[in-house]
Structures are given as structure tokens and as C-alpha cells.
Amino acid sequence: MNKTTVLLLLLTIGIISCRSSEKEFDKLEIVEKFYIAIDNSDPLKTTELITERFTTIDDGFEQKYSGNEYAEWVKWDSVFKPTYEILKIEKENGIVKAKISKTDKRISFLHHEPIVTDEIIQFEDNKIKNINRTSASFNVEKFVKNRDELVNWIAENHPELNGFLNDQTKSGGMNYLKAIELYKNKK
């Protein structure tokens, strides 16, 4: 009887451990699905993986979104044909950490190379609640200089596109892309 009790106890501990591991694995899987969804510019799939109140924090700058607002952001992002790559992903004490590389037409123009971020992804009810990003490879001076030159040139030469920088809708993204093309072809 004593051996049976010990055996049942060990089996119970083993089953509970496996279930805990599955939950943590699910978090990694959710993060992977999230980056696949935004890489594919799929706003519907993306919003299925986040909470209704979703927050991104980029080098201390906090942006809060509703599900619909984030879907609009994904549509804006899609205009630039983004490529997201998970360089590293791990879980540590129940928190998912990832290193993400992103490039697209906008980043290629402003930064000339992918932007790499270290990210901490937090969850609520098996959905991503927030992503805290810290730049690992981002030349802010180059990015801001190129962005400011673009904005100033557009203001002077194509004022009908003014406001493209802050309009994170699909039409705003199309204006941003148009501004980049006009600037590139100015010579």
C-alpha cells in the first residue's frame, strides 16, 4: 500500500509538471503565431492572439491599442511589406523573451538595415497583453535624420502629403510609401 501511494504521488507530480510545461510551451507557440501573423500582415489572426487592451512599449514609449486599433496598425504596417524574423525565443520564469528582427520598405529607407529588438512578452488569459521592446540594433540618429529630411522635403515639395508620418492607417501608410518614392526619385 505504501509503494502504491508513493507511485501515485510520483505519477501525479509528473502529470502536473507535464501540464505546466504544456502551458509554457503554449505561450511560446502563441508568440510564434503572433509574429507569423504580423509577418503575413494578417490583422484578423493578429487580433485573435492579443487582449482587447493591448500595449506596446518601444524603448520606453508606451502605446495602448484596442483590438481594432491594432488591426488598423497591422494594415498600416502591411503597406511596407514587412519581414519579421524570430532570432531567439525562450521562456524564463513564466515570461517569454524574444529577439526579433524587422525590416520593410520604410525601415530600409530610413535605417538601411533591419531593426533588432529584445522583447518581453506578457500574457493574460493565454493572449498577449503587452510587448516591451528594447532596441538591440537601432541607429536612432540615422533613422531620425533620414525621417526628418523626408518630412521636410515633402513639406516643401509635396504639401498634399503632409501628415503622412503620424497617420497609422492603411491610407496613411500608402502616403508614407508615396513620400519615400517621391523623395528617392527627386534627382
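The text that follows walks through the structure, step by step, so that each part is easy to find. (Residues numbered from 1 in each chain as written. Predicted model: local features only at pLDDT ≥ 70, side-chain atom pairs only at ≥ 80, totals over all residues. Heavy atoms only, no water.)

Quick word on the packing of helix α5 (residues 140-157) against helix α6 (residues 170-184)
- Taken N-terminus to C-terminus, the directions of α5 and α6 make an angle of 85°; their axes are 10 Å apart at the nearest point. Classed by the angle they form, the pair α5 and α6 counts as roughly perpendicular. On α6, the residues that touch Arg 147, Glu 149, Leu 150, Trp 153 and Ile 154 of α5 are Tyr 176, Ala 179, Ile 180, Leu 182 and Tyr 183.
- The residue inventory of the contact of α5 with α6, partitioned by class, reads eight nonpolar, no polar and two charged. (Axes fitted to C-alpha atoms, helices over the stretch in contact; angles between N-to-C directions. Helix = DSSP H or I, 4+ residues; strand = E, 2+ residues; numbered from the N terminus. Parallel < 35°, antiparallel > 145°, perpendicular 65-115°, else oblique. Contact = heavy atoms within 4.5 Å. Nonpolar A, V, L, I, M, F, W, Y, C, P; charged D, E, K, R; others polar.)

Thoughts on the packing of aromatic side chains
- Tallied over the entire structure, the rule returns 15 aromatic pairs.
- Consider the rings of Trp 76 and Phe 80, whose centres lie 5.1 Å apart with planes at 70°: the pair is edge-to-face. The residues Trp 76 and Phe 80 share a single accessibility class, namely buried.
- Cation over ring: Arg 106 sits above Phe 80, and NZ or CZ is 5.8 Å from the ring centre. (Phe/Tyr/Trp six-rings, centres within 6.5 Å; stacked < 30°, edge-to-face > 60°. Buried < 20%, exposed > 50% of the residue type's maximum accessible area, 1.4 Å probe, protein only. Lys NZ or Arg CZ within 6 Å of the ring centre and 35° of its normal.)

A closer look at the environment of Ala 71
- Along the chain, Ala 71 falls in helix α3 (residues 67-78).
- Separated by 33 residues in sequence, Ala 71 and Ile 38 place their C-alpha atoms 9.8 Å apart.
- Not counting residues within four places of it along the chain, the set of residues in contact with Ala 71 comprises Pro 43 and Thr 47.

Remarks on the nonpolar core
- Ranked by size, the top nonpolar core spans 39 residues in total, and within it Phe 34, Ile 128 and Leu 150 carry the most contacts.
- Here this core takes six residues from helix α1 (residues 2-39), the largest share from any one element.
- Residues in contact with Ile 128, not counting those within four places in the same chain, are Ile 30, Val 31, Phe 34, Leu 49, Ile 50, Thr 51, Phe 54, Ile 121, Gln 122 and Phe 123. (Core = buried A, V, L, I, M, F, W, Y, C linked by side-chain atoms within 4.5 Å.)

Examining the sheet that holds strand β3 (residues 83-92)
- Strand order across the open sheet formed by six strands is β2-β1-β6-β5-β4-β3, with mixed pairing between neighbours. With partners counted over all chains shown, the strands left at the sheet margins are β2 (61-66) and β3, one partner each. The mean angle between the axes of side-by-side strands here comes to 20°, regardless of whether they run parallel or antiparallel.
- In the sheet, strand β4 (residues 95-103) pairs with strand β5 (residues 115-124) via seven bridges, with the strands oriented antiparallel. (Pairing = 2+ DSSP bridges.)

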